[in-house]
Structure formats: structure tokens, C-alpha cells
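Summary of the model geometry
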Amino acid sequence: MSQTGVGEEHSVFDAFLSYSSRDRAVVERIQHFIEDYRLRTAEGKKRRLRVFFDRTDMRGGDLTEEIRGGLERSQALVLCASPAAVDSRWVRRELEDFRRFHQQPRIAVVLLTGQETLLQDLGTDAETRFHDLRRGRLGPLWRPRARLELLKLLAYLTGVDLRTLRNWWLRRTLARGVLLGCVAAALATGVLAIPVPGWERVPLADRRGEVAPIASEMQGGKLWVAWRFQAGGERPRNYIECQSFPVDQTSKSTLEKTFSLRGRLLPLKIASRVDEKEVRSKLAAHYSEKTDEDPKTRPIWVGSPAAGWLVVVAPIEPSQEDAAKAEEESDEAAFTIPARGRSLVLVEHRGVVRTAAVAGLDPRWQERDAAGAPASPATGLPVAVSTDGSLWIGMPARPNYVSGGLWRTSDAGGTWEQLEDWTSVTSLLAVRDPKPELWVAESHHSRWVRGLLQPKGARLVKLDVASGKVIQVSLPVISSRAEVELSGAGPDGHILVRIDEAIYRQGERPLWHWVLRALGRTGADLF
């Protein structure tokens, strides 16, 4: 059979790859390299080279006949030499058949591994083209020397000069590099555009400079902030001022005289809109229906957590016997108010009044006022009404004195339950969007129990109202002893939280925003 020219119509394959199955991985890469080249035909068109490779060109017939047909219709034989190929009877048979089918066989040997003496073992002659690909790969890439050998192999198979093939390789590499760069840039742009939740510090400043808030709350679409300042003069004095700020920018506003903290149960002396006598009579009347004991209570905490609700908390004075028993059970010498105390909680909702004695809820300070009654903190107690109609009351802990916690009633104050794993609740926030949730903030609390100090770190938690699932929320960089206070939800629904003397706003920003902020952050801006 006479040899035919490369690319003639009755020739099906430009080359036949003969190899051992142990070398299949590198042989596949050789096939891809050869078939990437487009050969210009006599008609001026371009076509890809075709290489017979058993993994891609077998049709499922008789194996021997398929191999022989491929050898007969191939213009050249590329023999992939290695020690495994020397031991392969198929490689030797393919070499013999190719020589038998072609009067002037065109054979190129590609040495993959082993010594050059393998060429003699395979029965190749001195006229055979030889290409050395040993140590030719660098991971997924070809080394420059191996790439040159592959271009020489391609020149042998196509009859194209090496300079033209080198230029083709450079253009191909450049085009693929540009394509990969575009794909990488598109992927990076897509990843950097992904919205990621995070915290940004809200800038606050007045005419004196930066403001360090001690309390904050969203009211009327504005962030109301209270902070301390010292007036100058011969006798400097400390004052507390209150001012409103837009959430999205620093702004100066008219100073206000009051700061109501509506999201809390306030001491009665601050919530002056409630008639103390009326509240006291309601407490006594409903308490006497349940027990004949003298309540010895007076309303201390009062507030309206939502429209149509009135909540009153009145700690019950323990009897001398109960106080003595509680003091004996306590390990603390300075114990004054029983940690297992209780309060009478009155809830008025839509004209219906309910009261219940709630165990463990004893929100009083150890100090006494001028009348000798327990003094109440001016910061208030956290309270909220969730979307399912449940009323929640939280209480911060007092070191070595009172255990804090979280209580819930689902029947408007008729019965109460204390939830576990809550030790020092400082603020509550019920939200509706994007789904009903209750946000709970806890501050650091350390307590001595039987001579051991048990610390609890600050945390912020989302509580799914429907399922009861608890989700821990990451906070900005804070110490374990930080004070955490929920300030409310902004006009866009994003949560604001005060950490010590700084306010942070939660929201979703593209990842690139956080990356840029992280590169130039000052340490307190991001978590």
C-alpha cells in the first residue's frame, strides 16, 4: 500500500497513538495537544487534526479489526515508548501491522520514561523520528523543553515549519490566558458581589465632638442616644444629654430634655403617666383572689411594651422566715434579697387584667432608697411582645446578688414560664420582617457558686418565634465583659446594637465592601 499525503480526503486519521494502558494519562494529553492544531487544507479551510486513540475512536466492534482499521487509515504512527510499552504485546503488534500496511511508514517515537535503549527493544530503526518527553511535565503544564518536542512532533505530522507552529502556540497561549483571566475576573466579581451580613459602626458626634453613648434606642425613625459629658468652669460637673441622630449619617439635632426608653419596663417614678394608686389597687385585688397572704408589694416597674398592653412588676417582700431560710442556703455573706425571690406581675391587655406571682423574677438592687424600700435601677427592664402574642420579660443579673433570666407568658400574664440557659438578659427586640423573631441580648455576668466563679460571656441571639430555634449572632470585636444593648431596628429593618460606648448597625453589604473595610479598618469598625 502506498503512502498517502497528509490531509488527503481518503485518509481518515493524521496519526495513530500506540501506547501501554499504564501510560494512558500522559498519552491523552498528547492527543489533546495534537488535535488542538488546525491545519489549513488546499481549499483554504482549516480543520482540526484527527488522532486515532482507542479511548475515543473505538466503535465497539471486534478489537483486533478496529485496531487494524485504524492503523491502515492513519498517515503516521506515534509510538509512546516506556518500559511498560516494551512489555506490551499490543504495542509490538501495532508497530508490525503499521509497517505492513504502509510501504514507507512514517513513525515517530515519543519517549515517556526509561532509557533510550528502549527504542532498540521496540525494534525501531535509526530513521525513526525521536522526541524526548521525559521529565516533561510540571503539574498540569508542559515544561518548555517538552513543549518544543511536541511542536517538533506536530511539525513532523503536518509538514508545517516549526516557526509557524511556535507562533501558533504563542497566540493560543495568549488567547487562553485572556479567556482564563476573563473567567477568573467574572468569578471574582460574582463572589465579591455576594451579600454578606456584618456590622458597621454608626458615627455619632455633636458640637463637642464624638459621642460615647451609655444608652440608645430607635424612636420615630431616629436613633436616640444618651451620653455623659462634663461641663467646664471652676466647678466641673457631669451631665447626661440626649440627642437624636439619623441612622445613615452623622447629624446635629436639637438637644432634648427627656429620654423615655419605651422598649423597657421603667421605674414608676419615671413612667409618671400611670396612676400608682390605681395600679396598686389592681395588684392587691387580683393577688387576694389567689391567696390570703398580705402581698406587701408596691409597684416598681411599669410600662407598655406594645399598643394595648400595660405591664406592672412589683417584687414581693419576703417574710422574715423566708429571708432567713434563703440566707442560710446562700454561700454569700452579703446576701440581702433572696435569689429565689418572686414578683407579682400584672398584665392588662384589651381591658382584661391578669396577675401571677413569678418565681425567680426579683428585679431589685441591694441598695435602699430614703424610705427604706429596695431601690430600682433607672435603666429599666427589657420587655417585648412577639408576633404570636407572647409577652417576654428579661432581667439582667446582679453579681453575687440576683440571677437574671428570661420569662414568657402566652396567655397575657395568666401563667409564666422561665426559659433555661438565660442568665443576664439586658434587652429584647421583637421584629416581624423578614420573619417573626425575638432578638435577645445578654451581657457578661460572673457569679460565685459554692466558692467557684462561673463567668458567662456577652452574646446576641435570634429566637425564631414559631419554631423556638435559637441562632447565635456574631458580634463586632468585643471583650467578654462587654455590655450589650439592642437599640432597635432601623427604617430598613436592620438591627442596631450598642456595645459598651459604641453603636453598630447590622446589614448586608457586598463582600468587596467588607474586604476594603478590612484592609483599612481601625480595629473597632468590623467584627
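Just so it is clear, the structure is predicted and the values come from calculations on it, not from any experiment.

Things to note about the sheet that holds strand β33 (residues 502–510)
The four strands are arranged β10-β33-β32-β31 in an open sheet whose pairing can be described as antiparallel. Both outer strands of the open sheet, β10 (195–201) and β31 (484–489), are each paired with one neighbouring strand and no more. Each adjacent strand pair in this sheet contributes to an overall mean axis angle of 30°, direction not counted. Relative to strand β32 (residues 495–499), β31 runs antiparallel, the two being bridged by five bridges. Each bridged residue has a counterpart across the sheet, and for G488 the counterpart in β32 is L496.

Remarks on unusual backbone geometry
For D421, which is not glycine, the phi dihedral falls at a positive 65°. Considering the arrangement of structural elements, one finds D421 in the loop between β24 (417–419) and β25 (425–431). Look at D500: it is not a glycine, yet its phi comes out positive at around 55°. Assignment of secondary structure puts D500 in the loop between β32 and β33.

Some points on the packing of aromatic side chains
Going through the model one piece at a time under the given rule, you end up with seven aromatic pairs. Centre to centre, the rings of F33 and W168 are 6.1 Å apart; their planes meet at 85°, and the pair counts as edge-to-face. Here the residue F33 occupies a position in helix α1 (residues 24–35), and W168 occupies one in helix α8 (residues 162–192), the gap between them amounting to 135 residues. A residue is classified by how much of its surface remains accessible, and W168, at 11% relative accessible area, is buried. Taken together, the ring pairs connect F33, Y37, W168 and W169 into an aromatic cluster. Over the aromatic face of W142 sits the side chain of R29, whose NZ or CZ is 4.6 Å from the ring centroid. Just above the ring of Y156 sits the side chain of R106; from NZ or CZ to the centre is 4.7 Å.

Notes on the pattern of salt bridges
Following the criterion strictly, the structure yields 13 salt bridges and no others. The closest approach of N and O atoms between D36 and R176, which form a salt bridge, is 2.9 Å. Linking D36 in the loop between α1 and β2 (38–40) with R176 in helix α8, this pair joins segments that are 140 residues apart in sequence. Classification of D36 as partly exposed rests on a relative accessible area of 22%. Across the salt bridge formed by R498 and E485, the nearest N and O atoms sit 2.5 Å from each other. Linking R498 in strand β32 with E485 in strand β31, this pair joins segments that are 13 residues apart in sequence. Taken together, the shared-partner salt bridges connect D36, R48, R172 and R176 into one network.

Remarks on helix α5 (residues 89–101)
An α-helix turns once every 3.6 residues. As a result, residues three or four positions apart point the same way. An ideal rise of 1.5 Å per residue puts 18 Å on 13 residues; α5 measures up with 18 Å between its terminal C-alpha atoms. Along its buried surface, α5 packs onto β1 (15–18), α3 (63–72), β5 (77–81), α4 (83–86) and β6 (107–111).

So, the confidence of the model for the chain
Residues shown with low pLDDT carry predicted positions that ought not to be read at fine detail. Of the residues in the chain, 72% have a pLDDT of 70 or more, and the chain-wide mean is 76. This stretch, residues 248–259, has a pLDDT under 50; its non-local contacts, to residues over four places away or in other chains, come to 28 contacts. Confidence drops under a pLDDT of 50 for residues 331–339, and excluding neighbours within four residues, the segment shows 21 contacts in the predicted structure.

Looking at α8
If you check α8, its first and last C-alpha atoms are 44 Å apart, about what 31 residues at 1.5 Å a residue would give, namely 45 Å. Of the residues making up α8, those classed as buried are L165, W168, W169 and R172. The N-cap residue of α8 is D161: its side-chain oxygen and the backbone nitrogen of R163 are 3.3 Å apart.

Digging into the packing of α1 against helix α7 (residues 144–158)
α7 packs onto α1 with a crossing angle of 55° between their chain directions and a minimal axis gap of 10 Å. Taken together, the axes of α1 and α7 are oblique relative to one another. Helix-helix and strand crossings are classified by hand; for α1 and α7 the assignment is right-handed. Judged by residue contacts, I30, F33 and I34 of α1 engage L150, L151, L153, L154 and L157 from α7. Taken together, the residues of the contact of α1 with α7 break down into eight nonpolar, no polar and no charged.

Quick notes on the sheet that holds strand β26 (residues 437–442)
By definition, the strands of a sheet pair up through backbone hydrogen bonds, in either a parallel or an antiparallel sense. Read from one edge to the other, the open sheet built from four strands follows the order β25-β26-β29-β30, with strand pairing classed as antiparallel. The sheet is open, and its two borders are formed by β25 and β30 (470–473), each paired with just one other strand. On average, each strand axis in the sheet is tilted by 25° relative to the strand beside it, whichever way the strands run. Note that β26 and strand β29 (residues 459–464) share six bridges and pair antiparallel. Paired with W439 across the strands is K462, a residue of β29.

Procedures and definitions
- Residues numbered from 1 in each chain as written.
- Predicted model: local features only at pLDDT ≥ 70, side-chain atom pairs only at ≥ 80, totals over all residues.
- Heavy atoms only, no water.
- Pairing = 2+ DSSP bridges.
- Helix = DSSP H or I, 4+ residues; strand = E, 2+ residues; numbered from the N terminus.
- Axes fitted to C-alpha atoms, helices over the stretch in contact; angles between N-to-C directions.
- Phe/Tyr/Trp six-rings, centres within 6.5 Å; stacked < 30°, edge-to-face > 60°.
- Buried < 20%, exposed > 50% of the residue type's maximum accessible area, 1.4 Å probe, protein only.
- Lys NZ or Arg CZ within 6 Å of the ring centre and 35° of its normal.
- Salt bridge = Lys/Arg side-chain N within 4 Å of Asp/Glu carboxyl O.
- Expected span 1.5 Å × (residues − 1).
- Contact = heavy atoms within 4.5 Å.
- pLDDT = per-residue confidence, 0-100.
- Polar contact = N/O pair within 3.5 Å; in protein donor to acceptor, adjacent residues only side chain to side chain.
- Parallel < 35°, antiparallel > 145°, perpendicular 65-115°, else oblique.
- Left-handed = near helix turned anticlockwise from the far one by under 90°.
- Nonpolar A, V, L, I, M, F, W, Y, C, P; charged D, E, K, R; others polar.

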